[in-house]
Amino acid sequence: MNNIENKASQNEIPEIDLPWSNLPSIFEHVKSNIDEDGRLQLNHLPCDEKTYKEETLRLEHGFSDGMVFHFGEEDSNNKNVSKLVDLLINISETNSISTKVELYNYIQNITLGPIFVFIMDSLMEHDIKVDLYLYDFAKWLAFESPSTSSVKLGISLLAIIIDDDEDIEQELNRKLFTLGKYDDFTLYVGYAICSKFKYVERELWKLSKLVSGWGRIHTIFYLTPTENPEIKNWILRKGFISGNMIPYHAFLCASIGNLKTELCKNNIDSELLLVAGELIEALVLGGPIDINDYEDGPEVFRLYINLMSNRAFKLQQLMILADIIDFLTGKAASSTHMSKELWPEKFRNELLNNIKLIFKDPKWIQIVKEKSVSTDEDDIWEAEVVSNILGLSK
């Protein structure tokens, strides 16, 4: 791993502290934790103990970069962009080990998520030589370095470098795909797939099936332009992970998968009805992008409520309808920026009245009674919640 210092310019002073000395390769650790089905069985990296000090809150993998990449303000003039571009240009020209150390230390203290695309764009505009020193450095960062930040930068650099040897290029892409299975790297590998892989949508879809959480969100984001009906159907029905209640995730799945169109069809199957409820439940939670950004939201609500009028039979469905009531009546977090044009009062009242009719069905009282004496804790909890919704506990 430390062969990087042996490739440095001979004019360098040999005695220099290398911050990566004797530390394990992240790529090798990821590769060694992939099971027979190609799935990664890994919750943390060797460097995490240093990154997260004792009692420090550990965020979900991919969360920090995801938030600033998807929701942060774009700033190509960020001082970190020019600093890193200057360092990378210097490395491409001199192979300076001291510059590599400076860059390595610098990126440990910044978030690459909002700027990595600008860095790559700037490097391409400078038309720098990438086939010598920078190419070797990029491969070392991605596949031998011991910190997440350096791996992310290495992946980004390899996204804009294509090896003339097709066999070598394919092997590099396979290694990048391996790194993409770890949620912290999926955003960057998705960028690489879009930049240089031969079959972009196929590889993004394949990777999306292997990741969860923010990794799944990133891959679905990159699949936004797809017109492949099979992929769109998978995104709608399987793309959203139940329990991962992130409004933006639901927004992507509902938008790309054309939820409104699917709900307009005849003979709606139970799977789609379940997924529709989960997407609506997440969308009304509120966030940087939520139900208020979903133009099909009003019609999707209407279609879903109409379907529930004769197909609701689970307490969970009543809980989702209660969430819709909270949104329509201004009690949900997402209600604070509700568009009166998209959600006029007359329309909202019509939806509310239709939900109230569903709530009046006497079958719910019996279902609540049965669930309340269940041995399943989830059943008991649902019974208690719905009992309060229907006013049965008063």
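(A) Local environment of the overall build of the chain. The secondary structure content of the chain amounts to 21 helices and zero strands. If one aligns the C-alpha atoms of the chain with their principal axes, the spans along those axes are about 85 × 40 × 40 Å. Sequence-distant contacts, at least 24 apart, represent 70% of the contacts inside the chain between residues at least 6 apart. Of the accessible surface of the chain, which amounts to about 19800 Å², a share of 47% is contributed by carbon and sulfur atoms. Side chains of the chain give 39 positive and 62 negative charges; the mean places of these two sets differ by 6 Å.

(B) Examining the pattern of salt bridges more closely. Tallying each qualifying case throughout the model produces 15 salt bridges. Close ionic contact of Arg 174 with Glu 171 constitutes a salt bridge, the shortest N to O distance being 2.9 Å. Here the residue Arg 174 and the residue Glu 171 both occupy positions in helix H9 (residues 166-180), the gap between them amounting to three residues, near one helical turn. Across the salt bridge formed by Lys 265 and Glu 262, the nearest N and O atoms sit 3.0 Å from each other.

(C) Just helix H21 (residues 377-389), in detail. Compared with the 18 Å implied by 1.5 Å per residue over 13 residues, the 18 Å span of H21 between its first and last C-alpha is a close match. Where H21 is buried, its residues meet helix H18 (315-328) and helix H20 (363-372). Measuring from the backbone nitrogen of Asp 378 back to the side-chain oxygen at the start of H21 gives 2.7 Å, which picks out Asp 376 as the cap. Within two residues after H21, Gly 391 carries a phi angle of roughly 75°, on the positive side.

(D) The packing of helix H7 (residues 133-143) against helix H8 (residues 148-159), seen in detail. It is the contact of H7 with H8, at a shortest axis distance of 7 Å, that shows an interaxial angle of 135°. Relative to H8, H7 is oriented oblique. Considering the relative orientation of H7 and H8, their crossing is left-handed. Contacts between H7 and H8 involve Leu 134, Tyr 135, Ala 138, Lys 139, Leu 141, Ala 142 and Phe 143 on the former and, on the latter, Ser 150, Val 151, Leu 153, Gly 154, Ile 155, Leu 157 and Leu 158.

(E) View of unusual backbone geometry. Unlike most non-glycine residues, Asn 95 shows phi in positive territory, near 60°. One non-glycine residue with positive phi stands out, namely Asn 258, at about 55°. With respect to the helices and strands, Asn 258 occurs in the loop between helix H14 (247-256) and helix H15 (259-263). Of the residues examined, Asn 258 reaches a relative accessible area of 32% and is grouped as partly exposed.

(F) Summary view of the nonpolar core. Within the largest apolar cluster, 128 residues are counted, with the highest numbers of intra-cluster contacts made by Ile 119, Leu 123, Ile 155, Leu 259 and Leu 321. If you tally residues by element for this core, the top one is H18, at nine residues. Residues within four places of Ile 155 in sequence aside, it is in contact with Ala 142, Leu 176, Leu 179, Phe 185, Tyr 188, Val 189 and Ala 192.

(G) Expanded view of helix H6 (residues 116-126). Buried residues of H6: Phe 116, Phe 118, Ile 119, Met 120, Ser 122 and Leu 123, and no others. Looking at the buried side of H6, the elements it contacts are helix H3 (63-71), helix H4 (79-94), H8, helix H10 (183-196) and helix H12 (213-222). Following H6 by one or two positions, Asp 127 has its phi on the positive side, about 55°.

(H) Main features of the packing of helix H11 (residues 200-208) against H12. The contact between H11 and H12 brings their axes to 9 Å, and the two run at 160°. For the element pair H11 / H12, the angle class is roughly antiparallel. Our pair here, H11 against H12, has a crossing hand that is left-handed. Contacts between H11 and H12 pair Leu 204, Leu 207 and Ser 208 from the former with Arg 216, Thr 219, Ile 220 and Tyr 222 from the latter. Looking at side-chain class alone, the contact of H11 with H12 contains four nonpolar, two polar and one charged residues.

(I) Summary view of the confidence of the model for the chain. Averaged over the chain, the pLDDT score is 90; the fraction of residues at 70 or greater is 90%. Confidence drops under a pLDDT of 50 for residues 6-13, and excluding neighbours within four residues, the segment shows nine contacts in the predicted structure.

(J) Spotlight on the packing of aromatic side chains. According to the stated counting rule, one finds 19 aromatic pairs in the structure shown. Between Phe 137 and Trp 140, the ring centres sit 6.2 Å apart and the planes meet at 10°, which makes this aromatic pair stacked. Here the residue Phe 137 and the residue Trp 140 both occupy positions in helix H7, the gap between them amounting to three residues, near one helical turn. Overall, Phe 137 belongs to the buried group, its relative accessible area being 2%. Residue Trp 140 is classed as buried on the basis of its relative accessible area, which comes to 4%. Where Trp 205 meets Trp 234, the ring centres are 6.4 Å apart and the plane angle is 65°; that geometry is what we call edge-to-face. One end of the pair, Trp 205, is in helix H11; the other, Trp 234, is in helix H13 (residues 229-239), and 29 residues separate them in sequence. With relative accessibility at 14%, the residue Trp 205 sits in the buried group. Three or more aromatic residues link up through ring pairs in this structure, and these residues are Phe 69, Phe 116, Tyr 188, Tyr 191, Phe 221 and Tyr 222. Taking NZ or CZ as reference, Lys 139 lies 4.1 Å from the ring centre of Tyr 135, over its face. The ring of Phe 143 is capped by Lys 175, whose NZ or CZ atom sits 4.3 Å from the centre of that ring.

(K) Expanded view of the environment of Asp 163. Secondary-structure assignment places Asp 163 in the loop between H8 and H9. Classification of Asp 163 by relative accessible area gives buried; the value is 16%. Residues Asp 163 and Lys 198, spaced 35 residues apart in sequence, show a C-alpha to C-alpha distance of 13 Å. Setting aside residues up to four positions removed in sequence, Asp 163 forms contacts with Tyr 135, Ile 168 and Glu 169.

Each value, and the rule that gives it
The numbering scheme is per chain: residues are counted from 1 as the chain's sequence reads. With pLDDT at 70 or above as the cut-off, local features in this predicted model cover only qualifying residues; side-chain atom pairs require 80 or more to be listed or tallied, and sums for whole chains, interfaces and linings still use all residues. Note that water and hydrogens are dropped before the side-chain values are worked out from all heavy atoms of the structure. Helix numbers and strand numbers start at the N terminus; a helix is a DSSP run of H or I with at least 4 residues, a strand a run of E with at least 2. Contacts are assigned to residue pairs that have any heavy atoms within 4.5 Å of one another. Here, Shrake-Rupley sampling with a 1.4 Å probe gives the accessible areas, and only protein chains in the shown set may cover a residue. Counting rule applied: Lys, Arg positive; Asp, Glu negative; His and chain ends not counted. Throughout, a charge is located at the NZ atom of Lys, the CZ atom of Arg, the CG atom of Asp or the CD atom of Glu. The salt bridge definition used is simple: a Lys or Arg side-chain nitrogen within 4 Å of an Asp or Glu carboxyl oxygen. Expected helix span is given by 1.5 Å per residue-to-residue step, counting one fewer step than there are residues. Side-chain atoms alone can form a polar contact between residues adjacent in sequence; in general such a contact is a pair of N or O atoms within 3.5 Å, and within protein one must be able to donate a hydrogen while the other accepts it. Lines fitted to the C-alpha atoms define the axes, with helices restricted to the stretch that makes contact. Angles between their N-to-C directions range from 0 to 180 degrees. An angle counts as roughly parallel when it lies under 35 degrees, as roughly antiparallel when it exceeds 145, as roughly perpendicular when it falls between 65 and 115, and as oblique in every other case. Each crossing gets its handedness from the near helix: less than a right angle anticlockwise from the far helix is left-handed, clockwise is right-handed. Burial classification: accessible surface area is computed with a 1.4 Å probe over protein chains only, and a residue below 20% of its type maximum counts as buried, one above 50% as exposed, and the rest as partly exposed. By nonpolar core is meant a set of buried Ala, Val, Leu, Ile, Met, Phe, Trp, Tyr and Cys residues that side-chain atoms within 4.5 Å join together. Put simply, Ala, Val, Leu, Ile, Met, Phe, Trp, Tyr, Cys and Pro go in the nonpolar bin, Asp, Glu, Lys and Arg in the charged bin, and everything else, Gly too, in the polar bin. Each residue gets a pLDDT score, which is the predictor's confidence in that residue and runs from 0 to 100. Only the six-membered ring of Trp is used, alongside the rings of Phe and Tyr, when aromatic pairs are assigned; centres must lie within 6.5 Å, and planes under 30 degrees apart are stacked while those over 60 apart are edge-to-face, with the rest tilted. Remark: a charge is flagged as sitting over a ring if the NZ atom of Lys or the CZ atom of Arg is within 6 Å of the ring centre and within 35 degrees of the ring normal.

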